[in-house]
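Structure assessment
These are the residues of each chain, in order.
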Amino acid sequence: MLVREFASLLRKGGVDAHVNDWNPPERSDQVAVEVEQFEQADFILVIASPDMRRLMDSTEQGPPGDVTHVSAALFRNLLARSLAEELHRVLPVVLSDAAFEDVPDVLRPYSTKPYVIQELTVPGIEELLRTLFDRPADVKPALRTPDLAAVGQQAPAPVHPALAENGILAAGAVIELAGRTYVVHSEPQQPPADDPTAIYRQAKALLVGDANDRVWLRQVELRAETAEAKEAVAALEREYELLGELYRHGRGLPRPLELVDVDRMRTLVLSWPRRDTTPESFHTLADYIPEPGEQLDSTYLWRMLDALAGLCDTLQVLHQRQDAHRELTPEAIVRIDEEHLALRDVGAACRPDLPGAGDPAYQAPEQTIRRRGKLGPWTDVFQLAAVAYHLLSGRRPEVGASLPIQALCPGVPDRQATAIDAALSTVPDQRPVVADLAAALRM
């Protein structure tokens, strides 16, 4: 019973945990099932007990029909094959009904620490979650080049007192926001910024609870009371209000869930876009970029073009307000299923234009410092075409020097290829508007 509760808690924390009690009630070769699970698992958790220690530390077999001794034999074989590698994969766990001494000696409990779970709560398994998701307890600061001219000068006073750790996005962190618990699922993205007075972070996370929903967190940490820092914090409130208005009228947009202030941080919680008929996942278009030269199935190609057309319809909801996303990349576009895409957030729509901001691989020419120009809906048209080009050909476009899309992906029909090539024009006035791009891409 306790093992099932533990496995259920792991699933609430985003781990695809499995126990044999959840196997279908059908007649099957239990030994074959056990071997298959060992081969497929990324991690194998050994739950400490006197019986498991006895079976793993000896060659004794259990009663007829019990395949636990098979698991023990498989464990011993794995460790013999590659001890160093499997000690990272085979993790001993001590639940509250067992003792440290129940960990099998072959798992080296004294030289490699087991995971002792005192209570079956998300905070109680935080250390184990960090291991399973490969998330350190703290993010190593970037190594910066020292300012030699400042050596010997008195260090400036801190601009604010130490911030509370609870609420700061960090890989694997368990944070509390407005009475809800979130487990940060990914390494936070922290785009470089010229302004050190406001730190921007964003990351995937799991909302712990019965629904176990996926969410997207966007956070600004105020480091000093400057106009620029206050503007960065205010932008999150504008995004919360904008999505609250647009979500009711446009498909393919995230729903705003919370806007929370903790100390000198503001965090925006957005639902991860999904359809009721699809399982929750964190899939984005970045997971579906083909290799250069890879031949795409025609059905897949047509569905993807239709899905991109649908995303154009979503962008049009923004453009009708004279807003533009300006940060369209494969990572910023959620793949719900084969026929539906969605925006992860509204990008920079609520922030001032900054030259050079965003991913250089998908920047429109007018976004670069060298070719600085006015930004708007036409910027999104270029960026979406750049994403489509990469998604269909496996290659990022080169601004002003890209081959026609059909040269790299002959399966793209003429009308769709012409629209993508035109949308990649370096001259904004020569690009189609997003409604025309949608009509051209639709199969």
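As the structure is a prediction and not an experimental result, all values here were calculated from the model.

Reading guide: rules and limits
Residues numbered from 1 in each chain as written. Predicted model: local features only at pLDDT ≥ 70, side-chain atom pairs only at ≥ 80, totals over all residues. Heavy atoms only, no water. Helix = DSSP H or I, 4+ residues; strand = E, 2+ residues; numbered from the N terminus. Buried < 20%, exposed > 50% of the residue type's maximum accessible area, 1.4 Å probe, protein only. Contact = heavy atoms within 4.5 Å. Areas by Shrake-Rupley, 256 points an atom, 1.4 Å probe, with all protein chains shown as cover. Phe/Tyr/Trp six-rings, centres within 6.5 Å; stacked < 30°, edge-to-face > 60°. Lys NZ or Arg CZ within 6 Å of the ring centre and 35° of its normal. Expected span 1.5 Å × (residues − 1). Pairing = 2+ DSSP bridges. pLDDT = per-residue confidence, 0-100. Lys, Arg positive; Asp, Glu negative; His and termini not counted. Salt bridge = Lys/Arg side-chain N within 4 Å of Asp/Glu carboxyl O. Polar contact = N/O pair within 3.5 Å; in protein donor to acceptor, adjacent residues only side chain to side chain. Axes fitted to C-alpha atoms, helices over the stretch in contact; angles between N-to-C directions. Parallel < 35°, antiparallel > 145°, perpendicular 65-115°, else oblique. Left-handed = near helix turned anticlockwise from the far one by under 90°. Nonpolar A, V, L, I, M, F, W, Y, C, P; charged D, E, K, R; others polar. Core = buried A, V, L, I, M, F, W, Y, C linked by side-chain atoms within 4.5 Å.

Right, let's talk about the overall build of the chain for a bit. Looking only at helices and strands, the chain has 12 helices and 11 strands in total. In the chain, which comprises 443 residues, the proportion classed as buried is 45%. When contacts within the chain are restricted to residue pairs at least 6 apart in sequence, those whose partners lie at least 24 apart make up 60%. Per element, the accessible surface of the chain, about 23100 Å² overall, is 51% carbon and sulfur.

A word on unusual backbone geometry. You will see that Ala178, though not glycine, has its phi angle at about 50°, which is positive. For Ala178, the location among the structural elements is in the loop between strand S4 (174-177) and strand S5 (180-184). Its identity is not glycine, yet Arg326 carries a phi of approximately 70°, on the positive side. Examined against the element boundaries, Arg326 turns out to sit in the loop between helix H8 (298-319) and strand S10 (333-337).

Another point: the packing of aromatic side chains. As enumerated under the stated definition, the model contains two aromatic pairs in all. Ring geometry for Trp216 against Trp272: centres 6.1 Å apart, planes inclined by 65°, an arrangement best described as edge-to-face. With Trp216 in strand S7 (residues 214-222) and Trp272 in the loop between strand S9 (265-271) and H8, this pair connects stretches of sequence that are 56 residues apart. Among the aromatic residues, those joined into a ring-pair cluster are Trp216, Trp272 and Phe282. In this structure, Arg214 packs its charged tip against the face of Phe282, placed 5.7 Å from the ring centre. Here the guanidinium or amino end of Arg335 rests over the ring plane of Tyr288, the centre of that ring lying 4.1 Å away.

Time to look at helix H7 (residues 227-246). With 20 residues, H7 should reach 28 Å at 1.5 Å per residue; the first-to-last C-alpha distance of 28 Å fits that figure. Every buried residue of H7 is accounted for by Ala229, Val233, Ala235, Leu236, Glu239, Leu242, Leu243 and Leu246. Those residues of H7 hidden inside the fold are in contact with strand S6 (198-207), S7, strand S8 (256-262), S9 and H8.

Moving on, we come to the pairing of S4. In terms of strand pairing, S4 meets S5 through four bridges, oriented antiparallel. Of the residues in S5, the one forming a bridge with Glu176 is Thr181. Taking the residues that link successive antiparallel strands as the turn, the S4-S5 hairpin has two residues, and the phi of Ala178 there is positive, at about 50°.

Chain-level statistics for the chain give a pLDDT mean of 81 and a share of 76% at 70 or above. Across residues 147-164, where pLDDT falls below 50, the model places 12 contacts with residues more than four positions away in sequence or in other chains.

Moving on, we get to the environment of Met304. Structurally, the position occupied by Met304 is in helix H8. Taking the relative accessible area as the measure of exposure, Met304 reaches 2% and is therefore buried. Between the C-alpha atoms of Met304 and Leu392, which are 88 residues apart in sequence, the distance is 8.8 Å. In this structure, Met304 is in contact with Leu285, Glu338, Leu341, Leu391 and Leu392, ignoring residues within four places of it in sequence.

By secondary structure assignment, the location of Arg335 is in strand S10. Although Arg335 is buried, it makes no salt bridge; Glu338 carries the closest opposite charge, 4.5 Å away. Looking at Arg335, its side chain comes within polar contact range of the side chain of Tyr288, at 3.2 Å.

This brings us to the sheet that holds S7. Taking strand neighbours across the sheet as the criterion, the six strands line up as S4-S5-S6-S7-S9-S8 in an open arrangement whose pairing is antiparallel. Strands at the two margins of the open sheet, each flanked by one partner only, are S4 and S8. Here the average twist between neighbouring strands, direction ignored, is 35°.

Quick look at the packing of H8 against helix H9 (residues 377-393) now. The interhelical angle for the contact between H8 and H9, taken along N-to-C directions, is 165°, at an axis separation of 11 Å. Between H8 and H9, the interaxial angle falls into the category roughly antiparallel. Along this stretch, H8 crosses H9, giving a crossing that reads as right-handed. Note on element contacts: H9 touches H8 through Pro377, Asp380, Leu384, Ala388, Leu391 and Leu392, opposite Leu301, Met304, Leu305, Leu308, Leu311, Cys312, Leu315 and His319. Across the contact of H8 with H9, the residue classes break down as 12 nonpolar, one polar and one charged.

In spatial order, the strands read S1-S2-S3; together these three strands make up an open sheet with parallel pairing. Two strands bound the open sheet, and with one partner strand each, they are strand S1 (44-47) and strand S3 (115-116). Both strand S2 (residues 90-94) and S3 contribute to a ladder of two bridges, which runs parallel. Bridging from a neighbouring strand, Val93 pairs with Tyr115 of S3.

Here we take up the nonpolar core. Soluble, globular proteins show a tendency: their nonpolar side chains are buried together. By size, the foremost hydrophobic cluster in this structure holds 65 residues, and its most contacted members are Leu341, Leu384, Leu392, Leu437 and Leu441. It is H8 that provides the largest number of residues to this core, a total of 11 residues. Apart from the residues within four sequence positions on either side, Leu441 is in contact with Leu305, Asp306, Leu308, Ala309, Cys312, Arg415, Gln416 and Ile420. Judged by nonpolar contacts, the second largest core, of 21 residues, contains Ala7, Leu95, Ile125 and Phe133.

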